[in-house]
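# What the coordinates show
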Amino acid sequence: MTIEQLRDLRERLVSLGRYLDVENRLIQIEEQEQLSLDPTFWNDPKRAETILKELKSHKNWVAQYKAAEAEVDDAEVLLEFNKEGEATEEEVDQKYAEALAVIEGLEFHTTLNQPEDELNVVLEINAGAGGTEACDWAEMLYRMYMMWAQRRGFKFTELNRQDGDVAGLKSASIEIEGEYVFGLLKGENGVHRLVRVSPYNSQGKRMTSFSSVFVHPMVDDSIEIEINPADLEWDTFRASGAGGQHVNKTESAVRVRHLPSGIVAECQQERSQHMNRDKAMQMLKSRLYERELEKQKAEKETIESGKMKNEWGSQIRSYVLDDRRVKDHRTGYQTSQTDAVLNGDIDEFLKAFLMHHD
């Protein structure tokens, strides 16, 4: 590590401090902690929850900033020790690498700065045309996101699933719960393309398959969505298990259609119709909330030249297995570690998208 590299770390730390408005957050923490000590604090539970959520967020950002500051301070001390012959070059370089990683991690985290970024998600996967091959690809994507969620300790719940006729799946809806999960996954919207020598083709031909992925923020109680019950049309049906097994004897699965928008949500995850109705309503509210976000974004967005628009339905990534490469067409980021990616190692793709579109 050189003096210049240390100076660069310091400059990045200062600009992060300004961007995160650390001084103001410290004042807010003090004020909100005082409020929470008031005996009447819980008289308005909704307001109390909102304040505690904000307080947690402020504390989280300040803690991350302080951790980065401590790393840079340690790197500076070690550089001084090195000048006096009390620390080796290797130790200094190691500490620089650690401090740089923390700074870069915090810079990445600051891209997750929209209120909806903190929400959980409903992830939908739909197989494209192409029969068994496409259904198998949809199943591979399902497994990839499941393994990604498990790596991060996120909760992964299947809400709805329609199996393929021979193998794989035609469509699936999954809820993923975890910190900043919508913020992390929002760039996954679009068409994912697989190129491989097909195990379902006896001639060993190269096949191309497509599946689409949609990521919706799952609304929570902090976001109010008004829905007129007269605008809803409900259906109940029997939940289907894999390959016709475990078929429910009662009509517990639920489908709701929002007539003004045409949005449909269905859920067959829960045992009771009542619980499925609640979950289907939450999914519907999430879709309506997301539609509102898209509308606001479209109003704000004067298309900047050079920045690719995140078009729904555009091909975002290609997974070419026999050439051992996965490439994101929006950011240009690619890797030859195809197995790792399909086993859920997609963080670098998520990171590249967020840094690219910040």
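Going by the structure above, here's the rest.
Residues numbered from 1 in each chain as written. Predicted model: local features only at pLDDT ≥ 70, side-chain atom pairs only at ≥ 80, totals over all residues. Heavy atoms only, no water.

## Overview of the side chain of asparagine 189
Selection rule: Helix and strand definitions here come from DSSP, where helices need a minimum of 4 consecutive H or I residues and strands a minimum of 2 consecutive E residues; each element is numbered from the N-terminal end. Remark: exposure states derive from per-residue accessible area (1.4 Å probe, protein chains only) relative to the maximum for the residue type, with buried under 20%, exposed over 50%, and partly exposed in between. The definition of a polar contact used here is a pair of N or O atoms within 3.5 Å, where within protein one atom must be able to donate a hydrogen and the other to accept one, and adjacent residues in sequence count solely through side-chain atom pairs.
Structurally, asparagine 189 is set in the loop between α6 (181-185) and β4 (190-197). Residue asparagine 189 is classed as buried on the basis of its relative accessible area, which comes to 5%. There is a polar contact of 3.4 Å between the side chain of asparagine 189 and the backbone oxygen of lysine 186.

## A look at the pattern of salt bridges
For the record, the criterion: Within this document, salt bridges are pairs made up of a side-chain nitrogen of Lys or Arg and a carboxyl oxygen of Asp or Glu, the two lying within 4 Å of each other.
In this structure the tally under the stated criterion is 29 salt bridges. Between glutamate 107 and arginine 12 there is a salt bridge; the shortest N-O distance is 2.9 Å. Remark: arginine 12 occurs in helix α1 (residues 3-20) and glutamate 107 occurs in helix α4 (residues 89-109); sequence separation between them is 95 residues. The exposure classification of glutamate 107 matches that of arginine 12, with both residues buried. Here glutamate 98 ties to lysine 95 by a salt bridge, and the two come within 3.0 Å at their closest N and O atoms. Placement of both glutamate 98 and lysine 95 in helix α4 is noted, with a separation of three residues, approximately one turn of the helix. Judged by its relative accessible area of 32%, glutamate 98 is partly exposed.

## Focus on the packing of aromatic side chains
Two aromatic rings, taken as a pair, are described by how far apart their centres are and by the angle between their planes. Stated formally: Two aromatic rings, drawn from Phe, Tyr or Trp (for Trp, its six-membered ring), form a pair once their centres lie within 6.5 Å of each other, and the interplanar angle then sorts them: stacked below 30 degrees, edge-to-face above 60, tilted otherwise. Consider the ring centre and the ring normal. A charge sits over the ring if Lys NZ or Arg CZ is within 6 Å of that centre and within 35 degrees of that normal.
In the structure shown here, the tally under the stated rule is six aromatic pairs. Ring geometry for tryptophan 148 and phenylalanine 154: centres 5.6 Å apart, planes at 80°, overall edge-to-face. Owing to a relative accessible area of 0%, tryptophan 148 belongs among the buried residues under this scheme. Here the guanidinium or amino end of arginine 255 rests over the ring plane of phenylalanine 237, the centre of that ring lying 4.4 Å away.

## Some details on the sheet that holds β4
Just so we agree on the cut-off: For two strands to be treated as a pair, DSSP must find no fewer than two bridges joining them. Should any heavy atoms of two residues lie within 4.5 Å, those residues are counted as being in contact. Structural elements are reduced to axes, namely lines fitted to C-alpha atoms, with helices fitted over the stretch in contact, and the angle between N-to-C directions of any two is expressed from 0 to 180 degrees.
Spatial strand order, β2-β3-β1-β5-β4-β9-β10-β11: eight strands in an open sheet with mixed pairing. Only two strands of the sheet have a single neighbouring strand rather than two, namely β2 (155-163) and β11 (334-335). By the bridge criterion, four bridges tie strand β9 (residues 315-320) to strand β10 (residues 325-328) in an arrangement that is antiparallel. Bridging from a neighbouring strand, valine 320 pairs with arginine 325 of β10. Set on the sheet, helix α5 (residues 131-151) makes contact with β1 (120-127), β2, β3 (169-177), β4, β5 (206-218) and β9; between it and β5 the angle comes to about 45°.

## What about unusual backbone geometry?
Residue aspartate 21 is not a glycine yet carries a positive backbone phi of 55°. On the secondary structure map, aspartate 21 appears in the loop between α1 and α2 (22-37). Here aspartate 21 falls in the partly exposed class, since its relative accessible area comes to 38%. Within the chain, tyrosine 180 stands out as a residue other than glycine whose phi angle is a positive 55°.

## Details of the sheet that holds strand β6 (residues 232-237)
Reading across from one edge, β6-β7-β8 is the order of the three strands in this open sheet, with antiparallel pairing throughout. Two strands in the sheet have a free side with no partner beyond their single neighbour: β6 and β8 (263-267). Going from strand to strand, the sheet's axes swing by 15° on average, the running direction of each strand aside. Pairing geometry for β6 and strand β7 (residues 253-258), over six bridges, is antiparallel. Residue pairing in the sheet places phenylalanine 237 in a bridge with alanine 253 of β7.

## Here's the deal with the pairing of β1
Pairing between β1 and β5: eight bridges, direction antiparallel. By the bridge assignment for β5, glutamate 124 is matched with phenylalanine 214.

## Notes on the nonpolar core
Heads up, the rule is: In these notes, a set of buried Ala, Val, Leu, Ile, Met, Phe, Trp, Tyr and Cys residues joined through side-chain atoms within 4.5 Å is what counts as a nonpolar core. In this entry, domain limits derive from an automatic or database-based domain assignment.
Membership of the largest hydrophobic core comes to 61 residues, with the highest contact counts inside it found for Ile125, Tyr145, Trp148, Ile176, Leu185 and Tyr319. For this core, the domains that each give at least three residues are domain 1 (3-111) and domain 2 (121-221 + 309-357).

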